[in-house]
Amino acid sequence: MDDIVDSLNNAYQDFVAAAANVLEAKELSNGQNTSATDAALENFKQRWELFRVACDQAEEFVESVKQRIGSECLIDEATGSVAGKPGQAVTAAVLPPISAVRLEQMSKAVRGLVIELQKGSGTGGGVPNTHPPAPFDARFSEDATQ
(Lines give C-alpha, C1' and ligand atoms only; values in the text may rest on other atoms or scores of the structure.)
Protein backbone atom coordinates (compact mmCIF):
# COMPACT_ATOMS: atom_id res chain seq x y z
CA MET A 1 0.00 0.00 0.00
CA ASP A 2 2.87 2.37 0.75
CA ASP A 3 4.13 1.92 -2.81
CA ILE A 4 0.75 2.95 -4.20
CA VAL A 5 0.58 6.03 -1.97
CA ASP A 6 4.16 6.98 -2.89
CA SER A 7 3.42 6.49 -6.58
CA LEU A 8 0.30 8.65 -6.36
CA ASN A 9 2.14 11.34 -4.40
CA ASN A 10 5.05 11.40 -6.87
CA ALA A 11 2.69 11.60 -9.86
CA TYR A 12 0.82 14.45 -8.20
CA GLN A 13 4.01 16.38 -7.41
CA ASP A 14 5.20 15.92 -11.02
CA PHE A 15 1.80 17.09 -12.30
CA VAL A 16 1.85 20.24 -10.14
CA ALA A 17 5.44 21.00 -11.17
CA ALA A 18 4.48 20.61 -14.85
CA ALA A 19 1.57 23.03 -14.35
CA ALA A 20 3.95 25.56 -12.77
CA ASN A 21 6.33 25.13 -15.72
CA VAL A 22 3.53 25.93 -18.17
CA LEU A 23 2.66 29.11 -16.28
CA GLU A 24 6.31 30.13 -16.11
CA ALA A 25 6.87 29.47 -19.83
CA LYS A 26 3.77 31.51 -20.72
CA GLU A 27 4.95 34.36 -18.53
CA LEU A 28 8.46 34.36 -20.00
CA SER A 29 7.03 34.42 -23.55
CA ASN A 30 4.59 37.26 -22.74
CA GLY A 31 1.66 34.98 -23.51
CA GLN A 32 2.94 34.02 -26.95
CA ASN A 33 3.15 30.46 -28.20
CA THR A 34 6.78 29.42 -28.46
CA SER A 35 8.61 26.14 -28.64
CA ALA A 36 9.22 26.43 -24.88
CA THR A 37 5.50 26.86 -24.12
CA ASP A 38 4.63 24.00 -26.48
CA ALA A 39 7.19 21.76 -24.78
CA ALA A 40 5.87 22.76 -21.33
CA LEU A 41 2.30 22.02 -22.44
CA GLU A 42 3.32 18.63 -23.84
CA ASN A 43 5.11 17.78 -20.60
CA PHE A 44 2.02 18.92 -18.67
CA LYS A 45 -0.19 16.63 -20.78
CA GLN A 46 2.12 13.65 -20.14
CA ARG A 47 2.21 14.34 -16.39
CA TRP A 48 -1.60 14.63 -16.36
CA GLU A 49 -1.94 11.22 -17.99
CA LEU A 50 0.56 9.66 -15.56
CA PHE A 51 -1.33 11.19 -12.63
CA ARG A 52 -4.61 9.77 -13.94
CA VAL A 53 -3.02 6.31 -14.26
CA ALA A 54 -1.74 6.54 -10.68
CA CYS A 55 -5.21 7.57 -9.49
CA ASP A 56 -6.78 4.63 -11.34
CA GLN A 57 -4.31 2.20 -9.78
CA ALA A 58 -4.99 3.58 -6.30
CA GLU A 59 -8.74 3.33 -6.89
CA GLU A 60 -8.42 -0.30 -8.04
CA PHE A 61 -6.40 -1.10 -4.92
CA VAL A 62 -9.00 0.52 -2.65
CA GLU A 63 -11.82 -1.39 -4.37
CA SER A 64 -9.99 -4.71 -4.01
CA VAL A 65 -9.39 -4.07 -0.31
CA LYS A 66 -13.05 -3.11 0.18
CA GLN A 67 -14.14 -6.36 -1.49
CA ARG A 68 -11.71 -8.42 0.58
CA ILE A 69 -12.87 -6.81 3.84
CA GLY A 70 -16.50 -7.28 2.85
CA SER A 71 -15.92 -10.94 2.06
CA GLU A 72 -14.10 -11.51 5.34
CA CYS A 73 -16.89 -9.81 7.29
CA LEU A 74 -19.50 -11.87 5.46
CA ILE A 75 -17.68 -15.10 6.23
CA ASP A 76 -17.22 -14.09 9.88
CA GLU A 77 -20.90 -13.21 10.11
CA ALA A 78 -22.05 -16.42 8.42
CA THR A 79 -19.77 -18.76 10.34
CA GLY A 80 -20.52 -17.16 13.69
CA SER A 81 -16.95 -16.00 14.27
CA VAL A 82 -18.20 -12.57 15.28
CA ALA A 83 -20.62 -13.72 18.01
CA GLY A 84 -18.10 -13.99 20.82
CA LYS A 85 -16.32 -10.66 20.35
CA PRO A 86 -16.36 -8.35 23.38
CA GLY A 87 -18.58 -5.30 23.28
CA GLN A 88 -21.17 -6.82 20.99
CA ALA A 89 -24.67 -7.59 22.12
CA VAL A 90 -25.98 -11.01 21.17
CA THR A 91 -29.58 -11.00 19.96
CA ALA A 92 -32.10 -13.59 21.10
CA ALA A 93 -33.01 -14.79 17.58
CA VAL A 94 -29.59 -15.79 16.24
CA LEU A 95 -29.46 -17.70 12.97
CA PRO A 96 -27.39 -20.87 12.99
CA PRO A 97 -23.96 -20.34 11.43
CA ILE A 98 -23.26 -21.47 7.86
CA SER A 99 -20.05 -23.29 7.05
CA ALA A 100 -17.50 -21.28 5.10
CA VAL A 101 -17.47 -23.98 2.39
CA ARG A 102 -21.23 -23.76 2.02
CA LEU A 103 -21.09 -19.98 1.93
CA GLU A 104 -18.51 -20.13 -0.86
CA GLN A 105 -20.73 -22.56 -2.81
CA MET A 106 -23.71 -20.25 -2.49
CA SER A 107 -21.60 -17.25 -3.45
CA LYS A 108 -20.39 -18.99 -6.62
CA ALA A 109 -23.95 -19.96 -7.51
CA VAL A 110 -25.15 -16.36 -7.12
CA ARG A 111 -22.16 -15.08 -9.09
CA GLY A 112 -22.96 -17.52 -11.89
CA LEU A 113 -26.56 -16.34 -12.01
CA VAL A 114 -25.47 -12.72 -12.16
CA ILE A 115 -23.13 -13.47 -15.05
CA GLU A 116 -25.93 -15.28 -16.88
CA LEU A 117 -28.26 -12.33 -16.38
CA GLN A 118 -25.60 -9.89 -17.57
CA LYS A 119 -25.11 -11.95 -20.74
CA GLY A 120 -28.87 -11.94 -21.30
CA SER A 121 -29.21 -15.70 -20.98
CA GLY A 122 -31.54 -15.51 -17.99
CA THR A 123 -35.02 -17.03 -18.06
CA GLY A 124 -36.75 -13.69 -18.63
CA GLY A 125 -38.99 -13.11 -21.65
CA GLY A 126 -40.40 -16.61 -21.74
CA VAL A 127 -37.12 -18.16 -22.86
CA PRO A 128 -36.72 -21.56 -21.19
CA ASN A 129 -33.66 -22.12 -19.03
CA THR A 130 -31.50 -24.75 -20.69
CA HIS A 131 -29.19 -25.09 -17.69
CA PRO A 132 -29.99 -27.89 -15.26
CA PRO A 133 -30.56 -26.82 -11.67
CA ALA A 134 -27.52 -26.90 -9.42
CA PRO A 135 -27.17 -30.16 -7.50
CA PHE A 136 -27.82 -29.93 -3.80
CA ASP A 137 -25.80 -31.32 -0.98
CA ALA A 138 -27.96 -33.44 1.32
CA ARG A 139 -25.78 -32.48 4.29
CA PHE A 140 -27.31 -29.01 4.29
CA SER A 141 -30.94 -28.84 5.28
CA GLU A 142 -31.58 -25.55 3.43
CA ASP A 143 -30.87 -27.33 0.13
CA ALA A 144 -33.61 -29.88 0.69
CA THR A 145 -36.25 -27.12 0.76
CA GLN A 146 -35.31 -25.76 -2.66
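Read on for a plain summary of the structure. (Residues numbered from 1 in each chain as written. Predicted model: local features only at pLDDT ≥ 70, side-chain atom pairs only at ≥ 80, totals over all residues. Heavy atoms only, no water.)

Below, the discussion takes up the overall build of the protein. Of the regular secondary structure elements, the protein holds four helices and zero strands. Considering the protein as a whole, with its 146 residues, one finds that 12% of them fall into the buried category. Long-range contacts, defined as pairs at least 24 residues apart, comprise 53% of the intrachain contacts of the protein with a sequence gap of at least 6. On the protein, roughly 11,500 Å² of surface is accessible, and the fraction owed to carbon and sulfur atoms is 59%. (Helix = DSSP H or I, 4+ residues; strand = E, 2+ residues; numbered from the N terminus. Buried < 20%, exposed > 50% of the residue type's maximum accessible area, 1.4 Å probe, protein only. Contact = heavy atoms within 4.5 Å. Areas by Shrake-Rupley, 256 points an atom, 1.4 Å probe, with all protein chains shown as cover.)

Counted by the stated rule, this structure contains two salt bridges. A salt bridge links Arg52 to Glu49, with the nearest nitrogen and oxygen atoms 3.4 Å apart. One end of the pair, Arg52, and the other, Glu49, are both in helix α2 (residues 35-79), three residues apart, so they sit about a helical turn from each other. Assessed through its relative accessible area of 36%, Glu49 is described here as partly exposed. The salt bridge partner of Glu63 is Lys66, with a shortest N-O separation of 3.3 Å. Taken together, the residues Glu63 and Lys66, both in helix α2 and three residues apart, mark about one turn of the helix. (Salt bridge = Lys/Arg side-chain N within 4 Å of Asp/Glu carboxyl O.)

All right, on to unusual backbone geometry then. Here Asn30, not a glycine, exhibits a phi torsion of approximately 55°, which is positive. With respect to the helices and strands, the residue Asn30 is situated in the loop between α1 (2-28) and α2. Overall, Asn30 belongs to the exposed group, its relative accessible area being 68%.

So, on to the packing of aromatic side chains. To describe a pair of aromatic rings, one takes the distance between the centres and the angle between the planes. This model, assessed by the stated rule, comprises five aromatic pairs. Ring centres of Tyr12 and Phe51 lie 5.7 Å apart, and the angle between their planes is 50°; on these two criteria the pair is classed as tilted. Of the two residues, Tyr12 is situated in helix α1 and Phe51 in helix α2; the sequence distance between them amounts to 39 residues. Relative to Phe51, the ring of Phe15 has its centre 5.4 Å away and its plane inclined at 5°; by these criteria the two rings are stacked. Of this pair, Phe15 sits in helix α1 while Phe51 is found in helix α2, placing the two residues 36 residues apart along the sequence. (Phe/Tyr/Trp six-rings, centres within 6.5 Å; stacked < 30°, edge-to-face > 60°.)

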